[in-house]
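Listed below are the residues making up each chain.
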Amino acid sequence: RKFPENFLFGAATSAYQVEGGWEDDGKGESIWDRFAHKHPEAIVDGRNGDVASDSYHNWRRDVEMLRELGVDFYRFSISWPRVLPNGFENNINENGFKYYDDLIDELLKHSIQPMVTLYHFDLPQELQDLGGWTNPLSVNWFEEYARIVFKRYAEKVKFWITINQPNTICVEGYGSKAMAPAINSIDSAYECVKNVMLAHAKAYDVYKKEFKKKHEGNVGIAIAVNWYDPITNSTENAEAVEKARAFQLGLYLDPIFSKEGNFPVLVRKIVDKKSQEQGYSTSRLPKLSFQEIQLLKGSADFLGMNHYTTFLVKPSQQKYPSPSFEDDVGVEYSQGEQWTKAKSSWLRSAPYGLYKACIYLNLNYDYPKIIITEHGWSSDPGLRDSSRVDNLRGYFGALLLAMEDATQVVGYTAWSLMDNVEWTAGTSERFGLYEVDFESENKTRKARLSALVLKNIIETREVNLDW
Ligand code: BGC
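For clarity, every value in this text was computed on a predicted model and none was experimentally measured.

### A look at the overall build of the chain
Okay, so step 1: Looking only at helices and strands, one finds 17 helices and 13 strands in the chain.
Okay, so step 2: Here the chain has a C-alpha radius of gyration of 21 Å; the compact-globule value for 467 residues is 23 Å, and the two agree.
Okay, so step 3: Along the longest, intermediate and shortest principal axes, the C-alpha atoms of the chain span 60 × 55 × 50 Å.
Okay, so step 4: Counting every position in the chain, which comprises 467 residues, the buried fraction comes to 61%.
Okay, so step 5: With an accessible surface of roughly 18,400 Å², the chain has 48% of that area assigned to carbon and sulfur atoms.
Okay, so step 6: Counting 53 positive and 65 negative side-chain charges, the chain places the averaged centre of each group 3 Å from the other.

Rendered as structure tokens:
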């Protein structure tokens, strides 16, 4: 089986996870800087983003690695507080922009397309102090930030991702303590969902109205689209999986990609009812106005699909705290015992799930144009990463099958180009095609076996499968 000639291959990173230089040259503090400094105990091996893979100084080497791989594009993110230190448009940090100027020019010099993510979890702390994504003004803050970046790079950047994984930002950052800013309030999580989705839509609108005609770029959003299957074929499990899909996928996909727009009816019903029972006078899930629904509908030139794994779902046997996101969804997740385990506790290999997720997207959202904006595997350190190679081959096989069945996938992005700071897991989970020696002064990078395998697939377009 072969990938078509015009299929695009890329590799990804994000600013906090690789850049380091956390206070260099006028960069402002981000919520991850604050969180990691205040709660060092929350980071598994204590390695945070202060230095990370030091891409702030190693960007030439990063581009060299991308050339070695032979990729068509590089997906990286811009650190909002690096370019607007306190988040607002009136204070632009030229030194910060200079870093991205250099990186982008170096990429283009070698015919590698930059794919820029505007927001990958690192909000300027000053905006957090004003409520962050729970403040409705965050929609305007993001719009202004997006316009500044579009203006600067529209000539050079043709692939844009507004926001990476609203579910992680809101449910894990506001509805739990798993990610910064670790607010842990379910009320704020749904406010966050509304604002983050609207911020995306506004930025899309800005590009469409002010840049699209002249620059003809594409703007999308990256959503975590893992797959959810019932653990066995029973009516209860079928109901449970419907809820899981509505809360994990539909909440973010429906407003943009469905015909009706708006949040899923099932999520609306459940949260409205529970909110009432819990003594709220209005639903914890805020409403979208007619104008907001219109703004969101169709606000993506492609769906950025981050896909890692599959979860098996059944109704929850335990009582979750109420109110909480877990209580709203009311299900329990597990994974196939026989699926190969990665280093991360949540990650097992189940390529068939990618196939099924693609078919689900086709049926529910009418064959959207998709770029896989992330897929990857975590391992221990070491260059002979055969588990990552197996995972890659398996998922490529599934992807090719989905494409045979008319899924409109135009590109694939490996997460990650190199080992980096895996949020609270620090560097205890390695996702890199390239290994980073975090003990070394220069954060030396070395190609893993998987890098060579991917390079070969990109060159030949062919994946050897034994089935
Ligand atoms: C995130 C990345 C993260 C990866 C592995 C994705 O959901 O966007 O930042 O490193 O998962 O956990």
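### Some points on the packing of aromatic side chains
Here the distance between the centres and the angle between the planes together describe a pair of aromatic rings.
Okay, so step 1: Tallied over the full model, the rule gives 38 aromatic pairs.
Okay, so step 2: Measuring from ring centre to ring centre gives 6.0 Å for Trp 133 and Phe 142, while their planes differ by 55 degrees; the resulting arrangement is tilted.
Okay, so step 3: Where Phe 150 meets Trp 160, the ring centres are 4.9 Å apart and the plane angle is 90 degrees; that geometry is what we call edge-to-face. Here Phe 150, found in helix α7 (residues 138-153), pairs with Trp 160, found in strand β4 (residues 159-164); they are ten residues apart in sequence, far enough to count as distant.
Okay, so step 4: Judged by its relative accessible area of 0%, Trp 160 is buried.
Okay, so step 5: Site record: aromatic cluster; members linked through ring pairs are Phe 3, Phe 7, Phe 9, Phe 396 and Tyr 412.
Okay, so step 6: Over the ring of Tyr 99 we find Arg 82; its NZ or CZ atom is 5.9 Å from the centre of that ring.

### What to know about the state of the cysteines
Okay, so step 1: In the structure shown here, the tally under the stated rule is one disulfide.
Okay, so step 2: Note that Cys 170 is cross-linked by a disulfide to Cys 192, the S-S spacing being 2.1 Å. Handedness here is read from the sign of the S-S torsion; for Cys 170 and Cys 192, about -70 degrees, the answer is left-handed. Placement of the pair is Cys 170 in helix α8 (residues 166-172) and Cys 192 in helix α9 (residues 186-210), with a sequence separation of 22 residues. Cys 192 matches Cys 170 in its accessibility class, with the two residues each being buried.

### Points about the site of the ligand
Okay, so step 1: Taken together, Gln 17, His 120, Asn 164, Gln 165, Tyr 308, Trp 346, Glu 374, Trp 415, Glu 422, Trp 423 and Phe 431 make up the full set of residues near the ligand.
Okay, so step 2: Here an oxygen atom of the ligand and a side-chain polar atom of His 120 are 2.9 Å apart.
Okay, so step 3: Separating an oxygen atom of the ligand from a side-chain N or O atom of Gln 165 is a distance of 2.7 Å.
Okay, so step 4: Within the complex, 92% of the 310 Å² of free accessible area of the ligand lies under protein.
Okay, so step 5: Among the cavities detected, the one that contains the ligand is the largest pocket.
Okay, so step 6: Taken together, the residues of the shell around the ligand sort by class into five nonpolar, four polar and two charged.

Conventions adopted
- Residues numbered from 1 in each chain as written.
- Predicted model: local features only at pLDDT ≥ 70, side-chain atom pairs only at ≥ 80, totals over all residues.
- Heavy atoms only, no water.
- Helix = DSSP H or I, 4+ residues; strand = E, 2+ residues; numbered from the N terminus.
- Rg over C-alpha atoms; globule rule 2.2 N^0.38 Å.
- Buried < 20%, exposed > 50% of the residue type's maximum accessible area, 1.4 Å probe, protein only.
- Areas by Shrake-Rupley, 256 points an atom, 1.4 Å probe, with all protein chains shown as cover.
- Lys, Arg positive; Asp, Glu negative; His and termini not counted.
- Charge placed at Lys NZ, Arg CZ, Asp CG, Glu CD.
- Phe/Tyr/Trp six-rings, centres within 6.5 Å; stacked < 30°, edge-to-face > 60°.
- Lys NZ or Arg CZ within 6 Å of the ring centre and 35° of its normal.
- Disulfide = S-S within 2.5 Å.
- Near = heavy atom within 4 Å.
- Polar contact = N/O pair within 3.5 Å; in protein donor to acceptor, adjacent residues only side chain to side chain.
- 1 Å grid on protein atoms, 1.4 Å probe; cavity = no way out; pocket = protein on both sides within 12 Å on 5 of 7 lines; lining within 4 Å.
- Sits in = over half its atoms within 2 Å of the grid points.
- Nonpolar A, V, L, I, M, F, W, Y, C, P; charged D, E, K, R; others polar.

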